[in-house]
Structure formats: structure tokens, C-alpha cells
Amino acid sequence: MEKVKLEIIGLSYSQTQSGAYALVLSEVNGVRRLPIIIGGFEAQAIAIELENMVPSRPLTHDLFKNFAEAFNIKVKEVIIYNLKEGIFYSKLICDKEGKEVEIDARTSDAIALAVRFKCNVFTYESILGSAGIQLDQEDEESGIATPIEDPKKSSSGKKDKSDLSGLTIKELETRLERAVEAENYELASKIRDEINKRTS
């Protein structure tokens, strides 16, 4: 399977889910974005490392890194390898004295460790193709977005803000564009999951 390299482009606070954050990853040589909803603790752990802050005592992810290094274990890369029912699955690819070991991890923890070990983060083309949000190159500056999924159906109708199930695919795609334009990646992630549910 073809791997796609990702980079962190932002963390934003969830306006609808208390204590949750949207971690936004982007493909390195492209315009697609992959928003992932994570908890506050993991968001803090990622932000602290990205901002080069040094806590007075080691956080859990710092402890893991110190423990791994004490036993000569290095995290070489992180792979987001699966997506089921809106949940991303990841693994750490580790090296211990030339022997490669894969360790299953929550995606938020895997990213928090990736920034500490300064290793690359990858996903597969199939995952980015089904769960990513694409900014057209000509529209990137204006923030107009199109979903990765092919637009298949057209319709018009009502606009219920809280319930996505009553909307058509076309209406969902329009809402997805607006959410990305407003940088509301948490809402964009929910809309994307609803579209994927219907088109899979």
C-alpha cells in the first residue's frame, strides 16, 4: 500500500465538544487535510512539544520517551493504518538494536510520541482518500474546500443545524466546505464521517 507523509498544521479547540480538540494533519506534498478529534490531555502534550516548552516534571509521553531511550528503543515512524467507524488506528514502528517492532497505539498518543522522537508520520493513500478534506490549489487561499469523496448525488432542501442525518449528500458536502472555510475541523470531521457512512 502506498504511504503518504503527513505533517501537523494545527490544533484547534472544539466549540461543540467540551475538552476535545481537532488535530489537523496535512499531506506534505499536497493539499489534503486529515482532521482527527483528540482529547485535551493529548492535545496539551502535542502542543507543549511543538512550542518547545519544558514542563517542570516529565509528562506521560516524556516518560515513555525517556524509558524507551534508556532501553535503547527508538520510534522510527508512526503509521495511521486504519479507520473504522470514525476512529483512526495507529502503530509505532520501533527499532531496538536492529530489530523492528510494531506497537499499537491511539492516534493521539502516537502523534504525541512522534513529535518527541522527531519521527515521520504516515498514513495510507486509501485512508487519506476516504477521510481527507481537500483544498483546491486555486481556492486554498480563500479556504474553499471540496471533500475527497466524489460528489454523487444532487438535491436541495432543509437545513437542520444539529442533525446531519436529514441532509442529502450534496447538502453535507456544502456544509463540509463551509466548516473547512471556517476552520471548524471538528464539525468537518463529523460531516466527513456522515458522508463516508452513506457512501461506503
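Just so we're clear, the structure is a prediction, and the values are computed from it rather than from any experiment.

The rules behind each value
- Residues numbered from 1 in each chain as written.
- Predicted model: local features only at pLDDT ≥ 70, side-chain atom pairs only at ≥ 80, totals over all residues.
- Heavy atoms only, no water.
- Salt bridge = Lys/Arg side-chain N within 4 Å of Asp/Glu carboxyl O.
- Helix = DSSP H or I, 4+ residues; strand = E, 2+ residues; numbered from the N terminus.
- Buried < 20%, exposed > 50% of the residue type's maximum accessible area, 1.4 Å probe, protein only.
- Pairing = 2+ DSSP bridges.
- Axes fitted to C-alpha atoms, helices over the stretch in contact; angles between N-to-C directions.
- Parallel < 35°, antiparallel > 145°, perpendicular 65-115°, else oblique.
- Left-handed = near helix turned anticlockwise from the far one by under 90°.
- Contact = heavy atoms within 4.5 Å.
- Nonpolar A, V, L, I, M, F, W, Y, C, P; charged D, E, K, R; others polar.
- Polar contact = N/O pair within 3.5 Å; in protein donor to acceptor, adjacent residues only side chain to side chain.
- Phe/Tyr/Trp six-rings, centres within 6.5 Å; stacked < 30°, edge-to-face > 60°.
- Lys NZ or Arg CZ within 6 Å of the ring centre and 35° of its normal.

Participant: In this structure, what is going on with the pattern of salt bridges? I would like to understand it.
Facilitator: Once their charged atoms are close, side chains differing in charge can pair, the charge on each being opposite to the other. Tallied over the entire structure, the rule returns 14 salt bridges. In this structure, the salt-bridge partner of E125 is R32, at a minimum N-O distance of 2.7 Å. Note that E125 is positioned in helix α4 (residues 125-131) and R32 in strand β3 (residues 32-39), a separation of 93 residues in sequence. The class for E125 is partly exposed, based on a relative accessible area of 27%. In this structure, a network of salt bridges that share partners links the residues E27, R32 and E125.

Participant: What is the right way to read the pairing of strand β2 (residues 20-27) from this model?
Facilitator: Every other side chain in a regular strand lies on the same face of the sheet, so the side chains alternate between the two faces. For β2, the tally of buried residues reaches seven of eight residues, placing the bulk of the element in the interior. Bridge count for strand β1 (residues 3-13) against β2 is seven bridges, and the pairing is antiparallel. Each residue of the ladder has a partner; that of Y13, found in β2, is Y21. Strand direction decides the pairing type here: β2 and β3, joined by seven bridges, are antiparallel. Bridging from a neighbouring strand, Y21 pairs with I38 of β3. Linkage of β2 to β3, two consecutive antiparallel strands, is achieved through a turn of four residues.

Participant: Please explain the packing of helix α5 (residues 169-181) against helix α6 (residues 185-199) as it appears in this structure.
Facilitator: Packed helix pairs are characterised by how far apart their axes lie and by the angle those axes make with each other. At a closest axis distance of 8 Å, the pairing of α5 and α6 adopts a crossing angle of 155°. By the angle between their axes, α5 is roughly antiparallel relative to α6. As α5 runs across α6, the sense of the crossing is left-handed. Across the interface between the two elements, I169, L172, E173, R175, L176, A179 and V180 of α5 pack against Y185, L187, A188, I191, R192, E194, I195, R198 and T199 of α6. Classifying every residue of the contact of α5 with α6 by side-chain character gives ten nonpolar, one polar and five charged.

Participant: Teacher, can you tell me more about the side chain of E77 here?
Facilitator: Secondary-structure assignment places E77 in strand β4 (residues 73-84). A polar contact of 2.8 Å, which involves the side chain of E77, links it to the side chain of K3. Aside from chain neighbours lying at most four places away, what touches E77 is K3, K91, L92, I93, C119, N120 and F122.

Participant: When you look at the packing of helix α1 (residues 40-50) against helix α3 (residues 107-117) in this model, what are you seeing that I'm missing?
Facilitator: Interhelical geometry of α1 versus α3 gives an angle of 15° and a closest axis separation of 9 Å. Taken together, α1 and α3 sit at an angle that is classed as roughly parallel. In this structure, the crossing between α1 and α3 has a hand that is left-handed. In contact with E42, A45, I46, E49 and L50 of α1, α3 contributes S108, D109, I111, A112, V115 and R116. Among the residues making up the contact of α1 with α3, the classes are represented as six nonpolar, one polar and four charged.

Participant: Could you clarify how one ought to interpret the packing of aromatic side chains in this entry?
Facilitator: Two descriptors summarise a pair of aromatic rings, namely the distance from one centre to the other and the angle between the planes of the rings. Following the criterion strictly, the structure yields one aromatic pair and no others. The ring centre of Y89 lies 5.9 Å from the NZ or CZ of K84, which sits over that ring.

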